[in-house]
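# Analysis of the macromolecular model
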Amino acid sequence: MVNFLNKLEVYFQKEFTEKSGRIFIFSLIFLFFITFEKLFLTLFFIFLFLTNMIGHDLRNGKFSLIISLPYSYREVFFSSYILSLLLIVIPSSIGLAFFNFGNLYPSIPLLKILGVLIFATAYFAIIIISVTLGGDTFGIPFLILIADWILGEIGSSSSVNPYKYISPSYQGNVWASLIFSVFLLLISLYLFEKRGVQK
């Protein structure tokens, strides 16, 4: 565990050095934007951020530099996943805390953060799956995002459209969508370890 934490720290330093500009811009977006009630734009910015993380490195041949360090595929996977979630959740939490200061219902911001975590987990996984199967980091995952959005719009309630229960975008049932997102994450981890990418 201590060894992984040391590697996690080194990975964080590498990412902040290489992607400081992108991280800064997206942190500002998450600080303010997730507090607004513009669901699709919020999800799109999270999606856009995720395409600029490990999926970008995998697609552009930078993964060989990462794996040349003493990291296993699993350690790289979880280092990137943890960093991605932290860079989304920390500024989002600060923004929500600021704009909801004095709110009589503190559970509402917490539910928003949970929703962000579920969506980010699902699309982190989808981007990894796309790249490991020979696709790209943006095009195919974006089509899946649009399909997810359209399928979630069908019907007026979850009873008419059961997909809304597990949709990472609509999250008709928080626990069902969380389980579905974790399932996608496990699939992406399996493919990442088994198929890998070119070193």
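Here the residue numbers are simple positions, counted from 1 along each chain's written sequence. Where local features are concerned, this predicted model is filtered to residues with pLDDT of at least 70; where side-chain atom pairs are given and counted, the filter is 80 or more; whole-chain, interface and lining totals use all residues. As a convention, hydrogens and water are excluded, and side-chain values are obtained from all of the structure's heavy atoms.

Here we come to the overall build of the protein chain. When you go through the protein chain residue by residue, the secondary structure sums to 10 helices and 0 strands. Exposed residues in this analysis have more than 50% of their type's maximum accessible area, buried residues have under 20%, and partly exposed residues fall in between, with area computed by a 1.4 Å probe over protein chains only. Buried residues in the protein chain amount to 45% of all 199 residues. Once local pairs closer than 6 in sequence are excluded, the contacts in the protein chain between residues at least 24 apart make up 69%. Of the roughly 10,300 Å² of accessible surface on the protein chain, a fraction of 71% belongs to carbon and sulfur atoms. Strands here mean DSSP runs of E at least two residues long; helices mean DSSP runs of H or I at least four residues long; both are numbered from the N terminus. Should any heavy atoms of two residues lie within 4.5 Å, those residues are considered in contact. In short, Shrake-Rupley with a 1.4 Å probe defines the accessible areas, and a residue's cover is counted only from the protein chains shown.

In this section: the environment of L117. Structurally, L117 is set in helix α7 (residues 107–132). We classify L117 as partly exposed; its relative accessible area is 27%. Spatially, the C-alpha atom of L117 lies 7.5 Å from that of V89, the residues being 28 residues apart in sequence. When sequence neighbours within four positions are dropped, the list of residues in contact with L117 reads L85 and V89.

Here we take up the pattern of salt bridges. Salt bridge, as applied in this entry: a Lys or Arg side-chain nitrogen positioned within 4 Å of an Asp or Glu carboxyl oxygen. Here the structure, examined in full by the defined rule, presents 5 salt bridges. For the salt bridge of K14 with E18, the shortest nitrogen-to-oxygen distance reads 3.2 Å. Separated by 4 residues within a single helix, K14 and E18 lie in helix α1 (residues 2–18), roughly one turn from each other. Under the relative-accessibility criterion, E18 is labelled partly exposed at 43%. Here K19 and E15 are joined by a salt bridge, their closest N and O atoms 2.8 Å apart. Beyond isolated ion pairs, a larger network of salt bridges with shared partners links K14, E15, E18 and K19.

This part takes up the confidence of the model for the protein chain. When pLDDT is averaged across the protein chain, the result is 83; 81% of the residues are at 70 or more. Here pLDDT means the predictor's own confidence in every residue, given as a number from 0 to 100. Summarising per-element confidence for the protein chain, the mean pLDDT is lowest in helix α5 (residues 63–67) (66) and highest in helix α10 (residues 174–194) (94).

Further remarks concern the packing of aromatic side chains. Two descriptors summarise a pair of aromatic rings, namely the distance from one centre to the other and the angle between the planes of the rings. Pairing of aromatic side chains requires ring centres within 6.5 Å, counting the rings of Phe and Tyr and the six-membered ring of Trp. Pairs whose planes differ by under 30 degrees are stacked, by over 60 edge-to-face, and all others tilted. A full pass over the atoms with the stated rule returns 18 aromatic pairs. Each ring, one from F30 and one from F49, has its centre 5.5 Å from the other, and the planes form 90°; the classification is edge-to-face. In this pair, F30 is assigned in helix α2 (residues 20–33) and F49 in helix α3 (residues 39–51), connecting sequence segments 19 residues apart. The two residues F30 and F49 agree in class, both being buried. Ring pairs connect the aromatic residues F44, F45, F47, F119, Y123, F138 and F142, which therefore count as one cluster.

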